Structures are given as C-alpha cells and as structure tokens.
Amino acid sequence: MEITVLGAGRCVTGSKYLMSWDSYHALLDCGLFQGPAAYRQLNWKPLPYPPHDLDAVVLTHAHIDHSGYLPRLCRQGFTGPVYCTPPTRALLGVLLPDAAHINEEEARYANKEGYSKHKPALPLFQMADARAALKLLEPVPFDHWHELHPGIRFRFHRQGHILGAAAVELETKVSGGKKKTVYFSGDVGRYGVPILREPVSYPGSDVLFLESTYGDRFHGDEDPRTVLGEEIRAGLKRGGVIIIPAFAIDRTQEILYMLHELMVDGDLPEIPVFLDSPMGIEATTLYTRFLAEHDAEMRQFFADQENPIFPPNLQVTPSSADSRKLNAMRGPAIIISASGMATGGRILHHLKLRLPDPRNTVLFTGYQAQGTKGRRLVDGDEEIKIHGQWIPVKAHVSRVSGLSAHADAGELMVWLARRERDPEKVVLVHGEFPAQEALAARLNGDFGWQPSIPELGDTIEI
Ligand SMILES: [Zn+2]
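Residues numbered from 1 in each chain as written. Predicted model: local features only at pLDDT ≥ 70, side-chain atom pairs only at ≥ 80, totals over all residues. Heavy atoms only, no water.

1. Describing the pattern of salt bridges
Here's step 1: For the coordinates displayed, the defined rule picks out 19 salt bridges.
Here's step 2: Its salt-bridge partner being Arg 158, residue Asp 143 comes within 3.8 Å of it at the nearest N-O pair. Taken as a pair, Asp 143 in the loop between strand 6 (137-139) and strand 7 (146-149) and Arg 158 in strand 8 (residues 152-158) lie far apart in primary sequence, 15 residues in all.
Here's step 3: For Asp 143, a relative accessible area of 42% gives the class partly exposed.
Here's step 4: With its nearest N and O atoms 2.7 Å apart, the salt bridge here joins Glu 293 to Arg 158. (Salt bridge = Lys/Arg side-chain N within 4 Å of Asp/Glu carboxyl O. Helix = DSSP H or I, 4+ residues; strand = E, 2+ residues; numbered from the N terminus. Buried < 20%, exposed > 50% of the residue type's maximum accessible area, 1.4 Å probe, protein only.)

2. Some words on the sheet that holds strand 8
Here's step 1: Across the sheet, six strands lie side by side as 7-8-9-10-11-20; this open sheet has mixed pairing. A single partner strand is all that each edge strand has here, and the edge strands are strand 7 and strand 20 (425-429). When strand polarity is set aside, the average angle formed by the axes of neighbouring strands in this sheet is 20°.
Here's step 2: Bridge count for strand 7 against strand 8 is three bridges, and the pairing is antiparallel. Along strand 8, the bridge assignment pairs His 149 with Ile 152. (Pairing = 2+ DSSP bridges. Axes fitted to C-alpha atoms, helices over the stretch in contact; angles between N-to-C directions.)

3. A word on the coordination of the zinc ion
Here's step 1: Listed as protein donors to the zinc ion are His 61 (NE2), His 63 (ND1), His 161 (NE2) and Asp 187 (OD); their distances from the metal cover 2.1 to 2.3 Å.
Here's step 2: For the zinc ion, the four donor atoms in the first shell make angles of 92 to 164° at the metal, so the coordination geometry reads as irregular.
Here's step 3: Spacing between the donor residues of the zinc ion along their common chain follows H-x1-H-x97-H-x25-D. Taken together, the residues span a long stretch of sequence, with His 63 in the loop between strand 4 (56-58) and helix 2 (64-67) and His 161 in the loop between strand 8 and strand 9 (166-173) at a distance of 98 residues.
Here's step 4: The class of His 161 is buried, set by a relative accessible area of 4%. (Donors = N, O, S within 2.8 Å, 3.2 Å for Na, K, Ca; no water. Tetrahedral: all angles 85-135°; square planar, octahedral: opposite > 155°, others 65-115°.)

4. Considerations on the packing of aromatic side chains
Here's step 1: Tallied over the full model, the rule gives 12 aromatic pairs.
Here's step 2: Judged by centre distance (5.8 Å) and plane angle (90°), the ring pair of Tyr 257 and Phe 301 falls under edge-to-face. On the criterion of sequence distance, the pair formed by Tyr 257 in helix 7 (residues 251-264) and Phe 301 in helix 9 (residues 296-303) is long-range, its members being 44 residues apart. Side by side, Tyr 257 and Phe 301 carry an identical accessibility label, which is buried.
Here's step 3: With 4.9 Å between their ring centres and 55° between their planes, Phe 447 and Trp 449 make a pair best called tilted.
Here's step 4: Among the aromatic residues, ring-to-ring pairing joins Tyr 17, Phe 184 and Phe 209 into one connected group.
Here's step 5: Directly above the aromatic system of Trp 145 lies the positively charged group of Arg 153, at a separation of 4.0 Å from the ring centroid.
Here's step 6: A cation sits over an aromatic face here: Arg 217 above Tyr 367, 5.9 Å from the ring centre. (Phe/Tyr/Trp six-rings, centres within 6.5 Å; stacked < 30°, edge-to-face > 60°. Lys NZ or Arg CZ within 6 Å of the ring centre and 35° of its normal.)

5. Focus: unusual backbone geometry
Here's step 1: For the bond from Gly 80 to Pro 81, the omega torsion is 0°, close enough to zero to count as cis.
Here's step 2: Among the secondary structure elements, Pro 81 is positioned in the loop between helix 3 (70-75) and strand 5 (82-84).
Here's step 3: Residues Ala 338 and Ser 339 are joined by a peptide bond in cis, for which omega reads 10°.
Here's step 4: Inspection of the secondary structure puts Ser 339 in the loop between strand 15 (333-337) and helix 11 (347-354).
Here's step 5: For His 161, which is not a glycine, the phi torsion comes out positive at approximately 55°.
Here's step 6: Here His 430, not a glycine, exhibits a phi torsion of approximately 50°, which is positive.

6. Examining the sheet that holds strand 12 (residues 241-245)
Here's step 1: The strand order 14-13-15-12-16-19 describes an open sheet built from six strands, whose pairing is parallel. Only two strands of the sheet have a single neighbouring strand rather than two, namely strand 14 (314-316) and strand 19 (396-399). Adjacent strand axes in the sheet meet at a mean angle of 20° when their direction is disregarded.
Here's step 2: Relative to strand 15, strand 13 (residues 273-275) runs parallel, the two being bridged by three bridges. Its bridge partner being in strand 15, Leu 275 is matched across the sheet by Ile 336.

In structure tokens:
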C-alpha cells in the first residue's frame, strides 16, 4: 500500500491523501485548498489519479479544507461512495451548497469586473456538483468496522473538534498475509470544552498520520468564559451593541453555551442575543439534534429540559429582511454573526454600521489570519474598507483568546499518551513547517519517535 500526500503537506489546507493498493484507490479526506492565491490555484491542478476511476472517499470531518473538493471531484466524473459519520453528512448538507454558492458568485464577479485571466472565468464547481456530491454520502456510525474492499476496512473514532469529527483507523492486508493499521488523526479536538464528547485517545497503530496545526503553540491558561464575561460587561457600560464575529460551525455554539452559563450564573444580565447567520442557525440546530455526541454536562441540560445553545433569550434571523431589522436596534444586545475573520457574510453589514460609534463593541473569538479584515481590526487600524467604502473604527475592538477547535502542542501529547503501543512510522501533516519541526522535536524528545514531514506530492510506502 502507498499513501500520496495531495494536500496538507507542510501546510494546513487542502487535506487529501491518495491511498493506493494494486487494484483499489481511495481518498482519505477531499479538502479544498483555501487562503492565499498560490494555494487556491492548486484546486485547479488535475489529480494524479483520474477521479472517475477512484473507488471511494473517506472523510474525517465536514470542514471545507477536508471536504470541499468533493463537488469538484464529482464534476470530474467521480461516482462515489463517500463514507462519513452521520453528523458529518448533516453538516455537509449545509456546507457544500454554501461553498458552491461562493464559487459561483466569485466567478460571476470576476466576469463582471474582468479581472480573471480566464475568459470567461469559470467556477471550480457549481450547485449541481454540490448536490451530486451530497447524494454520494454514505453514513457510517462511530466505532463500527466498515469494509472498503476485501482485506481493507476502517472505523471512525470520535475526535471532538467539531460535530461529527472523526479519526480514521484503517486496517489493511499487506504482503505475506500480514495486517497493518494506519491511524489518521484528522483534526484533533480538545479536552474540557463544552458541548461535544472528548476525543478518543490514540490507541496505537503501525503507522500514524498526525495533524500538527498547533505543533509549536499553546492556547494559554486564560479562561475564555471569564474574558468573554468581562468584555461584555465593559461593553454594556459603554451602552452600545456588542458584535461577535464567529465561525458558524462550533465557535458559534461554544459562544452561545458560554453566554448561557454566564447569564444563568448571574455574571451577565439577561440581555437579548441575536444569531444572525443562516449557516450558524442551521449548525446550531444540528448540534442540538445529535444527542449521542453531547458530553455529560450537555446531556444533563437536556435531561433538565434546557437547551443551553438555544436558550429562550436567543433570537434567530434567518432571512435578510429579519437581519436588516437589527440595524435599527439600540443596545443592550449581542449580535453573533459570521464569518469569524470578517472575510465575508452578514458580519460585514454589522461592522459597517456599528464600527463608527464608540459605544459599540466588537469582540473577535478566534485566530485572525494575516490579510483579513479581522486581523486589521484586532491590530488597531483606524479605518477599514468594507464593500468599497472607508469606515472609521471608533468602536471598542477586542479579542477573546484561547478559543480553538484544535488541540495545542500539549493537548496533542495528551491525546497520544494513552496508546498501548508505539507506531513504527509517524507522518506529520496539516501544519506549517516550523510548527511541524517543533512537534517532531517534542515527539522525539518525549517518545523517541522520528516523524517524517512530507511535502505535497510525496508518497509514503506502508
Ligand atoms: Zn477541521
């Protein structure tokens, strides 16, 4: 068996691994490259194996950098199946059509403005491709072995991270009738965070593909709930509206959970909370629906007939008309909207309206990548361009740190610590090179492992 790294090699995007046996070929994850143009260009590059001859895809989770190439794969003739957990299938029903919509809009805009090299500019995929991809999804429950092909089987293990996220344990026959197991960590979640069950620890395997996003960083000791409470109380004193940009999936639900706790504990007054993101609303409904994924505290809330991520003071505004009504609203109130880095979506309308007033507060809830409006605001820019217009920044801008869906360097070691045996081969993926080098040194120092750090296109023999 061979595994070729087609994405997330010395970078954190485009996760895609081609698994090849003599007569069977499957992808583990099928992610879209996101971020800088040099990466996004890679989405147009043909795969080294024809998509129409691929036998299957196995997905770790629904994030677009792990699943968003599926519609493109269908457009090139892939006919399935695609295996994923039941909650991942539900989330993809929201995420893939949204990704298709964004692609279509970008192509339309490029044609209108005439800035594309291609005439006419084409979308990477369209809504029809996303719909075709959704039809190929075959849910496989957690902890159940599923045969991919005679002699090859896999099972999903819970990984925290986001709803439905899994690690994949693959067992395959190799020459001489022996079996080998390959363990793909997917994106490793965190311990002690609300809503979802904790990650299942790494049990040991022959080969380990390990993510390394935070291989050189720690989330810090600051309790995000405390900081969120302090920032909102300060915001309420200023008298305006509190705007919280948040990723629609996972971060939004975590913020809603913490707001509920703060209000129940009396650390915050019960003020109206608005969730103004169609995807955030759908994701929150799905987080509510998959009861088996809830941790003990969340189960207790439900047993007490309480839904902490959909409390009575939460109002949702799915339609644009409802969303526009929020413009006339004065504080005190909290508006949660996407996207989390203010790169697009309804949050831009709220920022445009609220940034010029010093009574308002903007509270970012995660890492802000270089080049995003979120980063410029957190860095203290006094003016920001939104929809072609310069907007003065007078509102109070702040950031709650420590919120992340990824295990940090220490948590990765905790995830690995309970294994029953050591892997013969460790492959670091899904990380920037400096983070991977730091994690490799730590794994070597603590466990004596000698991980490899493949580049895009490298093949690993199993
Ligand atoms: Zn992820």
